[in-house]
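# Per-entry structural report
Given next are the chains, with one letter for each unit.
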Amino acid sequence: MACNQDFVQYIADQCSEAGEITVRKMFGDYGIYCNGKIFGLICDDRLYLKPTEAGRKLLRSEELRPPYDGAKNYFYIADVDDRQYLSSLARATYEELPEKPKKKKTTPKF
(Lines give C-alpha, C1' and ligand atoms only; values in the text may rest on other atoms or scores of the structure.)
Protein backbone atom coordinates (compact mmCIF):
# COMPACT_ATOMS: atom_id res chain seq x y z
CA MET A 1 0.00 0.00 0.00
CA ALA A 2 1.44 3.37 -1.00
CA CYS A 3 1.43 6.45 1.19
CA ASN A 4 -1.28 9.07 1.00
CA GLN A 5 0.33 12.36 -0.08
CA ASP A 6 -1.77 14.31 2.45
CA PHE A 7 -0.43 12.13 5.29
CA VAL A 8 3.16 12.61 4.10
CA GLN A 9 2.68 16.40 4.03
CA TYR A 10 1.02 16.30 7.47
CA ILE A 11 4.04 14.49 8.97
CA ALA A 12 6.45 16.95 7.33
CA ASP A 13 4.44 19.86 8.76
CA GLN A 14 4.33 18.26 12.21
CA CYS A 15 8.15 17.94 12.26
CA SER A 16 8.78 21.43 10.87
CA GLU A 17 10.10 22.97 14.09
CA ALA A 18 13.12 20.63 13.96
CA GLY A 19 14.69 22.31 10.94
CA GLU A 20 14.29 22.19 7.17
CA ILE A 21 12.07 19.14 6.63
CA THR A 22 11.87 17.54 3.21
CA VAL A 23 10.53 14.24 1.94
CA ARG A 24 11.73 12.13 -0.95
CA LYS A 25 9.81 9.35 -2.64
CA MET A 26 11.56 6.00 -2.28
CA PHE A 27 10.08 2.82 -3.80
CA GLY A 28 6.47 3.93 -3.26
CA ASP A 29 7.10 5.19 0.27
CA TYR A 30 9.04 8.20 1.56
CA GLY A 31 12.25 9.11 3.31
CA ILE A 32 11.95 12.11 5.64
CA TYR A 33 14.92 14.45 6.02
CA CYS A 34 15.93 17.17 8.43
CA ASN A 35 18.50 19.66 7.09
CA GLY A 36 19.38 17.17 4.34
CA LYS A 37 19.93 14.17 6.63
CA ILE A 38 17.47 11.26 6.53
CA PHE A 39 16.06 10.53 9.97
CA GLY A 40 13.04 8.38 9.23
CA LEU A 41 10.67 6.71 6.83
CA ILE A 42 6.99 7.10 6.07
CA CYS A 43 5.65 3.75 4.92
CA ASP A 44 2.01 2.75 4.47
CA ASP A 45 0.90 5.95 6.22
CA ARG A 46 2.99 5.21 9.31
CA LEU A 47 5.99 7.10 10.68
CA TYR A 48 9.22 5.30 11.57
CA LEU A 49 12.31 7.00 13.01
CA LYS A 50 15.85 5.70 13.01
CA PRO A 51 16.63 4.39 16.48
CA THR A 52 18.96 6.61 18.52
CA GLU A 53 19.57 6.97 22.25
CA ALA A 54 18.48 10.61 22.15
CA GLY A 55 15.22 9.62 20.47
CA ARG A 56 14.69 6.74 22.88
CA LYS A 57 14.85 9.13 25.86
CA LEU A 58 12.01 11.22 24.39
CA LEU A 59 9.69 8.38 23.37
CA ARG A 60 6.40 8.13 25.20
CA SER A 61 6.39 4.40 24.49
CA GLU A 62 9.04 2.42 22.68
CA GLU A 63 7.90 0.14 19.89
CA LEU A 64 10.41 -1.23 17.40
CA ARG A 65 9.10 -2.44 14.04
CA PRO A 66 10.50 -2.87 10.55
CA PRO A 67 8.91 -0.32 8.19
CA TYR A 68 8.84 -2.91 5.39
CA ASP A 69 9.70 -6.58 4.94
CA GLY A 70 13.41 -7.24 5.34
CA ALA A 71 14.17 -3.86 6.96
CA LYS A 72 15.91 -3.26 10.27
CA ASN A 73 13.74 -2.17 13.17
CA TYR A 74 12.90 1.51 13.51
CA PHE A 75 10.99 3.33 16.22
CA TYR A 76 7.32 3.21 15.23
CA ILE A 77 5.67 6.51 16.14
CA ALA A 78 1.92 6.12 16.59
CA ASP A 79 1.27 9.57 18.12
CA VAL A 80 1.74 11.88 15.15
CA ASP A 81 -0.69 14.61 16.22
CA ASP A 82 1.56 16.39 18.74
CA ARG A 83 3.69 18.81 16.71
CA GLN A 84 6.07 19.68 19.56
CA TYR A 85 6.65 15.98 20.36
CA LEU A 86 7.38 15.06 16.74
CA SER A 87 9.64 18.06 16.21
CA SER A 88 11.58 17.19 19.38
CA LEU A 89 11.98 13.57 18.26
CA ALA A 90 13.04 14.64 14.77
CA ARG A 91 15.59 17.12 16.13
CA ALA A 92 17.06 14.68 18.68
CA THR A 93 17.31 11.93 16.07
CA TYR A 94 18.85 14.24 13.49
CA GLU A 95 21.45 15.57 15.92
CA GLU A 96 22.62 12.10 16.94
CA LEU A 97 22.92 10.65 13.43
CA PRO A 98 26.34 10.90 11.78
CA GLU A 99 26.93 13.42 9.05
CA LYS A 100 26.71 12.09 5.54
CA PRO A 101 30.20 11.53 4.14
CA LYS A 102 31.04 14.02 1.42
CA LYS A 103 31.59 12.55 -2.00
CA LYS A 104 35.11 12.92 -3.27
CA LYS A 105 35.45 14.45 -6.67
CA THR A 106 37.34 12.13 -8.88
CA THR A 107 39.14 13.00 -12.03
CA PRO A 108 38.68 10.49 -14.80
CA LYS A 109 41.86 8.65 -15.69
CA PHE A 110 42.64 8.23 -19.34
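Refer to the structure printed above.
Reading the values: rules and limits
Residues numbered from 1 in each chain as written. Predicted model: local features only at pLDDT ≥ 70, side-chain atom pairs only at ≥ 80, totals over all residues. Heavy atoms only, no water. Salt bridge = Lys/Arg side-chain N within 4 Å of Asp/Glu carboxyl O. Helix = DSSP H or I, 4+ residues; strand = E, 2+ residues; numbered from the N terminus. Buried < 20%, exposed > 50% of the residue type's maximum accessible area, 1.4 Å probe, protein only. Arc of directions from axis to C-beta. Polar contact = N/O pair within 3.5 Å; in protein donor to acceptor, adjacent residues only side chain to side chain.

## With respect to the pattern of salt bridges
One pass over the full model with this rule turns up 5 salt bridges. With its nearest N and O atoms 2.7 Å apart, the salt bridge here joins glutamate 53 to arginine 56. Here glutamate 53 pairs with arginine 56, and both are found in helix H2 (residues 53-58), just 3 residues apart, close to one helical turn. Residue arginine 56 is classed as partly exposed on the basis of its relative accessible area of 30%. In this structure, the salt-bridge partner of arginine 60 is aspartate 82, at a minimum N-O distance of 2.6 Å. Here arginine 60, found in the loop between H2 and strand S5 (64-65), pairs with aspartate 82, found in the loop between strand S6 (74-77) and helix H3 (83-96); they are 22 residues apart in sequence, far enough to count as distant. In this structure aspartate 82 comes out as partly exposed when scored by relative accessible area, which is 26%. Shared partners join several salt bridges into a network, and the residues in it are Glu53, Arg56 and Glu62.

## Things to note about helix H1 (residues 5-14)
Buried residues of H1: Phe7, Val8, Ile11, Ala12 and Gln14, and no others. Here the buried residues of H1 occupy an arc of 165 degrees about the axis, which is enough to place them on one side. A side-chain oxygen of the first residue of H1 lies 2.6 Å from the backbone nitrogen of aspartate 6; this N-cap is asparagine 4.

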